[in-house]
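Working through the structure, step by step
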Number of protein chains: 2
Amino acid sequence: MNKTFQQKLDAIITMNNSLVCVGLDSDFKKLPLHLLKKRHPLFTFNKAIIDLTYDLVCAYKPNTAFYEAYGTEGISELKMTCDYLKKSHESIPIIIDAKRADIGSTNEGYARFIFDYLGADALTIHPYLGYESVVPFLRRKDKGISILCKTSNPGAGEYQNICDKDTNEPLYLTVARHVAKSWNTNDNCMLVVGATYPEELANIRTVVGDMTLLVPGIGAQGGNVKEVMHAGLNSKKRGLIINSSRAIIFASSDVDFASQARNKTEQLKEEINNLR
Amino acid sequence: MNKTFQQKLDAIITMNNSLVCVGLDSDFKKLPLHLLKKRHPLFTFNKAIIDLTYDLVCAYKPNTAFYEAYGTEGISELKMTCDYLKKSHESIPIIIDAKRADIGSTNEGYARFIFDYLGADALTIHPYLGYESVVPFLRRKDKGISILCKTSNPGAGEYQNICDKDTNEPLYLTVARHVAKSWNTNDNCMLVVGATYPEELANIRTVVGDMTLLVPGIGAQGGNVKEVMHAGLNSKKRGLIINSSRAIIFASSDVDFASQARNKTEQLKEEINNLR
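Residue positions are given per chain, counting from 1 as you read along its sequence in written order. For naming, the first written chain is A and the first written ligand is 1, with later ones following in the order written. Only residues with pLDDT of at least 70 get local features here, since the model is predicted, and only at 80 or more are side-chain atom pairs given and counted; chain-wide, interface and lining totals rely on the full set of residues. Processing note: side-chain calculations cover all non-hydrogen atoms of the structure and skip hydrogens and water entirely.

**Brief notes about the relation of the copies chain B and chain A**
Quick reminder of the rule: Fitting of the copies onto one another was done by least squares over C-alpha atoms, counting residues only where both copies have pLDDT of at least 70. By the convention used here, residues are in contact when the closest approach between their heavy atoms is within 4.5 Å.
Note on the copies: chain B fits chain A at an RMSD of 0.0 Å, the axial shift is 0.0 Å, and the rotation between them is 180 degrees. When the rotation and shift are considered jointly, the pair of chain copies conforms to a two-fold rotation axis. The C-alpha atom lying nearest the rotation axis in chain B is that of Lys165 of chain B; the distance is 1.9 Å. In this assembly the copies share their binding face: 100% of the residues contributing to the interface of chain B also contribute to that of chain A.

**Things to note about the packing of helix H9 (residues 198-208) of chain B against helix H10 (residues 225-232) of chain B**
Residues and elements named next belong to chain B. Selection rule: Axis definition: a line fit to C-alpha positions, over the contact stretch in the case of helices; interaxial angles, taken between N-to-C directions, run 0 to 180 degrees. Every helix listed is a DSSP run of H or I at least four residues long, and every strand listed is a run of E at least two residues long, numbered separately from the N terminus. For classification, angles of less than 35 degrees are called roughly parallel, those exceeding 145 degrees roughly antiparallel, those between 65 and 115 degrees roughly perpendicular, and all remaining angles oblique. Here is the rule for handedness: rotate from the far helix to the near one, and if that takes an anticlockwise turn smaller than a right angle the crossing is left-handed, while a clockwise turn gives right-handed.
Where H9 meets H10, the closest approach of the two axes is 8 Å, and the angle between their N-to-C directions is 20 degrees. Taken together, the axes of H9 and H10 lie roughly parallel to each other. Considering how the two elements wind past one another, H9 and H10 form a crossing that is right-handed. Contacts between H9 and H10 involve Pro198, Leu201, Ala202 and Arg205 on the former and, on the latter, Glu227, Val228, Ala231 and Gly232.

**So, the sheet that holds strand E3 (residues 95-100) of chain A**
Residues and elements named next belong to chain A. As a reminder of what qualifies: A strand pair is defined by DSSP finding two or more bridges across the two strands.
One open sheet holds the eight strands; their spatial order is E2-E1-E8-E7-E6-E5-E4-E3, and the pairing between them is parallel. Strand pairing shows two members of the sheet lacking a second neighbour, strand E2 (59-62) and E3, which therefore form its edges. Pairs of neighbouring strands in the sheet enclose a mean axial angle of 30 degrees, with direction left out of account. In this structure, strand E5 (residues 144-150) lies alongside strand E6 (residues 189-193), joined through five bridges in parallel fashion. Bridge assignment links Ile145 to a residue of E6, and that residue is Cys189.

**A look at the sheet that holds strand E7 (residues 213-215) of chain B**
Residues and elements named next belong to chain B. Strand order in the open sheet formed by eight strands is E2-E1-E8-E7-E6-E5-E4-E3, with parallel pairing between adjacent strands. Edge positions in the open sheet fall to strand E2 (59-62) and strand E3 (95-100), since each of these has one partner strand only. Strand-to-strand twist across the sheet, computed as the mean angle between neighbouring axes with direction ignored, equals 30 degrees. Here three bridges tie E7 to strand E8 (residues 240-244), and the two strands are oriented parallel to one another. Its bridge partner lying in E8, Leu214 is registered against Ile241. The strands touched by helix H1 (residues 5-16) are E3, strand E4 (122-125), strand E5 (144-150), strand E6 (189-193) and E8; relative to E8, the strand with the most contacts, the crossing angle is about 75 degrees.

Structure (structure tokens):
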């Protein structure tokens, strides 16, 4: 039987001794100039990053928006990236940051795209339509389903901090509680929690036990690694997938972009491990 | 200057005397058997539906999930569908039911995909990340941005009905109020409200004035047209885009699918107009 997402994640965290996820937010407009004339610039860029970081990470996280922006060519290069990872680095989980969610019957289509077509191990989804709508994702027992809880953006609180008059609990915490208590029957749920909100991260950790949290927002968005580690580690000194995208993949815009990405990944890995 | 989405919508509602949107949820598994061997089955199906319904509708709404499920080929046929509509029926707005939303810089990629690559007139988005995140959509003044408010699915209330302890207002109504009061500075916002919740639709109408509401959920999902019309019409006897997908496009699974789709569209148009 194939490993579940969580088993695959646990194994690679041990093997690479890393909680670092590299976000493959490969914005064409920011690629090094010498790659722009390549037949497959996004894939060429990703492959170079992967080849110099695969021993330092616990996951890769491409965000679909940067690929869809270029239509079928972009989606094709996203698939090439996933195919390459599965062929050459099968032990590293692929998290597709897709932020999807529709009604139930429609989500079957997204599940096919992410899990069957791209062959990814996990995806991110919105909670707004509720549990009943996202069952087509949740019933994929071997996959990881990461539900947006407290997002990293400055305006995240507009709805996420609204307090329920019955429970006196902010919405993001209600999402965390529902996911931990009733969405997670297949033990395949995670939550997305922004590094920019360490206090909320600590609140979420108290509600979800040892559940894995996917944490974007360090680096370019300003989240602090020390605060994240203090607030977010679980009882096994794990439970965090700490993502950095721009600060790693665009560390240099020159021919040395991949080796600079390696340097940044290694620095982040060590900064994190010194705090575990 | 190009027409805005709302101007284009107003013109076609007048020209076709219709509030009907046909949802191009063209699930490959449900296509008539004789189409499956075509080079472009999804596009061939859509074109046949469009050719027999274009004079009866105010919009078409393809849902990306049904196309992404087939990867680059599916996206290619979605683009062919949009290209065909723009070339042959330029007056009919295309609403991409994408249900996207990420942090701000990432949403630029989705805006490029929907508005520039596909050339659509409008899209649907999730509200969960708040206003600040979706500005890249909202600043497209000529496009329509339809924000999920009260969705049509049975479990929609899990979060959407949570009551704010400060305002005593359910979340869906807070979304409606925020969108009407502060998101809509470019007069390009709409809300998605399920036909399956007519009481909530009436509540939303009282909060948003004459704003256009995109209403899925009649037909296969069980929403009632009479209740929708009673609860949702605005002061101009408009303000509703009433979507039907499966009940129209899969009315027949035989060679007569397009003429049966026309019959169903005409019936719905007349049922609606008799209640305006």
